[in-house]
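Topology and contacts: notes
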Amino acid sequence: MSGDEYKLITDRVGLVGGIALLMGTAIGMSIFLVPTQMMQEAGPSITVAILLSIFPMVFGILLLLQLGGAIPVAGGNYVYGSRLVGPFWGLLAVAIPVIAVWSYLLFAALGFAEFLPVLLDALGVSLSTPGALDGLPIDLGALAAVWGLLAFFLAINYRGIQLVTKVQIALVVLFCAGMLTFVVGGFLSFDADNFTPLFPDGEGQPFADGLAPFFLAAVVLYIPFQGFAMIIEIGEELDDPVKNIPRVLAVGMSLVAVLTIAVVFALVGAVPWEEVTDAAVEGGIAGVADAHGILPTFGVGLVALAALIAAATTVNTLLTSYSRTIMRASRDNVVPDYFAAIHGEHGTPHRSIALLGLVPIALAPFFVSIDTIGAVDVLDWLVTLTVTGIFIAFMIAGVALWNLPKVFPQRYEFSFYRLPMPVLKVVAVGNVVISFIFTLLVAASAPTALVAMFVWLLVAAGMYVYRVRRYAKRGVDLKAEMSLLHKHEKLGGSNTDGGD
């Protein structure tokens, strides 16, 4: 299967559905857990850190507005890398997101299993493991929760994006209700004195040991914003994608930013940072709300439930969006064309979805049975691997944006959303520089995760060389296939303008 010899996905998602898909990815469980962890380290300065994290988010959104508005296709990361940077970089733009998604699916599912007791405690429910199972080397309850979450959303994605979107809208409404409940409770207990000193040391005084905790908080709090990139992966399935990709990004990320900033300010305003205990931190903002009486039991339960739902929505849309990356690359034979197939009844790239979802299910027993990788907590290690992959993908996308006006001038000229050339250059360079710096800062906390990423990149490079040579023996120029847009992706069906 090559060129245009494949079946296209015909189901479409509207503006509201697109916004729900984006918000469900961008607002994951992290925003319910990270602020309390960072508050212990950086104190009230996390309010400044969350505002600072908006700037790299804006750079990322502008990048995707331009690329998604100019070339709205399925598997945007792969297409932008292969068409605007080079064939090899296109392969990396598949391999890197895939390992990042595998890691984040495990992170979200493990976090779901770990946080489930917090919700049950808030509801007064106690679960105990039967004594006969106490000696087992693996927590069967946690494994069941991980498998159940991953398998449930794998099945939903198999059935089609319309079902995915309906489920996502309902779940997004619920977790937004949980976030707003915490925000209201926090502001009802608001005390402006909690914001001073803004940059404390361990003894409550302005610290003299540098701004390291503050900058770490800015990087870590930026992580929940990363999910917005998913919208360029499903461009082929949005109604009027040229117009709706910018609209989904603008509306969805505005809501995400407002909600997350409100949560951080409500947290700091409601609780003196010195009084946040380790036990409360383990429960995230729900644990803090319970320990400090910010919310009644019902409210604490709703916030804890919202955290679990946020993990679920992330799993849901990651399977949806990045399965399209695999599908799109397989249309070019970069990965086996077996994964380009569309289900005859459900209209989904079912084989790509299975590849993306079954690997974390298979790895789950190993990750459930361990607490650390090296000296790093297993959840921290997984999220480091995830974020490292995201930042590398954004570096490739930054170069793609720089090359867009030169490679596809018509696409740039007639884009629904067009950045002025000087702004485009600043945004392109800014994404590369910011992503590089953040990669180093994040990877420093778990160097073995960075090593794992580079080992994976070497494997991907070997696969690329193998497939290029294999197809060359058949008389097929795989690099040429990775340089032109397919017929349905072209402007007016023309082959001019660099394949446009």
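Above this note sits the structure.
Residues numbered from 1 in each chain as written. Predicted model: local features only at pLDDT ≥ 70, side-chain atom pairs only at ≥ 80, totals over all residues. Heavy atoms only, no water.

1. Quick notes on the layout of surface pockets
Leftover empty space is mapped by rolling, across the atoms, a probe with the size of a water molecule. This is how the line gets drawn: Lining residues are defined by having an atom within 4 Å of a point belonging to a cavity or pocket. Those points lie on a 1 Å grid over the protein atoms alone, cavities being sets where a 1.4 Å probe fits but cannot get out and pockets being open sets with protein on both sides within 12 Å along at least five of seven lines. Grid points are joined across faces, edges and corners, and a volume is the space filled by probe spheres set on the points. Helical segments are the DSSP runs of H or I of at least four residues, strand segments are the runs of E of at least two, and each set is numbered from the N terminus. Polar here means any residue outside two lists: the nonpolar Ala, Val, Leu, Ile, Met, Phe, Trp, Tyr, Cys and Pro, and the charged Asp, Glu, Lys and Arg; Gly therefore counts as polar.
Reported here for the second largest pocket is a volume of approximately 230 Å³. For the lining of the second largest pocket, the secondary structure elements donating two or more residues are helix H6 (87-122) and helix H18 (447-473). It is H6 that provides the largest number of residues to the lining of the second largest pocket, a total of five residues. Its residues assigned to classes, the lining of the second largest pocket comprises 14 nonpolar, no polar and no charged.

2. What about a negative patch on the surface?
Selection rule: What goes into a patch is any residue over 30% in relative accessible area without a salt bridge, connected to like charges within 9 Å or, for nonpolar side chains (Val, Leu, Ile, Met, Phe, Trp, Tyr), within 5 Å. Surface accessibility follows the Shrake-Rupley procedure with a 1.4 Å probe radius. Residue values consider only the protein chains on display as shielding. One speaks of a salt bridge when a side-chain nitrogen belonging to Lys or Arg is within 4 Å of a carboxyl oxygen belonging to Asp or Glu. Positive charges come from Lys and Arg alone, negative charges from Asp and Glu alone, with His and the N- and C-terminal ends not counted. Every charge is mapped onto a representative atom, which is NZ of Lys, CZ of Arg, CG of Asp or CD of Glu. Relative accessibility thresholds used throughout: buried, under 20% of the residue-type maximum; exposed, over 50%; partly exposed, between the two (1.4 Å probe, protein chains only).
On the surface, Glu114, Asp278, Glu282, Asp371, Asp377 and Asp380 cluster together to form a negatively charged patch. Within the element layout of this structure, Asp371 appears in the loop between helix H14 (350-368) and strand E1 (372-373). Take Asp371: its relative accessible area is 61%, and that puts it in the exposed class.

3. Quick notes on the side chain of Thr313
Our working definition: Any pair of N or O atoms that falls within 3.5 Å is considered a polar contact. Within protein, one atom must be able to donate a hydrogen and the other to accept it, and sequence-neighbouring residues count only if both atoms are side-chain atoms.
Tracing the backbone shows Thr313 in helix H13 (residues 297-331). Of the polar contacts made by the side chain of Thr313, one reaches the backbone oxygen of Ala310; its length is 2.9 Å.

4. Quick look at the pattern of salt bridges
Inspection of the entire model under this criterion finds two salt bridges. For Asp332, the salt bridge is made with Arg83, and the minimal N-O distance between the two is 2.8 Å. Note that Asp332 is positioned in the loop between H13 and H14 and Arg83 in helix H5 (residues 76-84), a separation of 249 residues in sequence. Just as Asp332 is buried, Arg83 falls in that class too. One salt bridge connects Arg328 with Asp332, and the closest N-O pair in it is separated by 3.3 Å. For the pair Arg328 and Asp332, one class covers both residues: buried. Counted as one network, the salt bridges with shared partners bring together Arg83, Arg328 and Asp332.

5. A word on the packing of helix H8 (residues 161-188) against helix H10 (residues 241-270)
We count it as follows: Orientation is described by lines fitted to C-alpha atoms, with helices fitted over the stretch in contact, and by angles between N-to-C directions that extend from 0 to 180 degrees. Helix crossings get a hand from a simple test, with the near helix turned counterclockwise from the far one by less than a right angle marking a left-handed crossing and a clockwise turn marking a right-handed one. When checking whether two residues touch, look at their non-hydrogen atoms; a contact exists if any pair is within 4.5 Å.
Running from amino to carboxyl end, H8 crosses H10 at an angle of 35 degrees, the nearest separation of the two axes being 8 Å. Like other packed secondary-structure pairs, H8 and H10 cross with a definite hand, here left-handed. Along its contact with H8, which presents Cys176, Met179, Leu180, Phe182, Val183, Gly186 and Phe187, the element H10 presents Leu259, Thr260, Ala262, Val263, Phe265, Ala266, Leu267 and Ala270. Tallied by class, residues from the contact of H8 with H10 come to 13 nonpolar, two polar and no charged.

6. Things to note about the nonpolar core
Applied cut-off: The term nonpolar core refers to a set of buried residues drawn from Ala, Val, Leu, Ile, Met, Phe, Trp, Tyr and Cys, joined through side-chain atoms within 4.5 Å.
Of all hydrophobic cores here, the largest spans 178 residues; its most connected members are Phe32, Ile46, Ile71 and Ile231. In this view, Phe32 contacts Ile27, Phe175, Met179, Gly284, Ile285, Val303, Ala306, Ala307 and Ala310; residues no more than four positions away in its chain are not counted.

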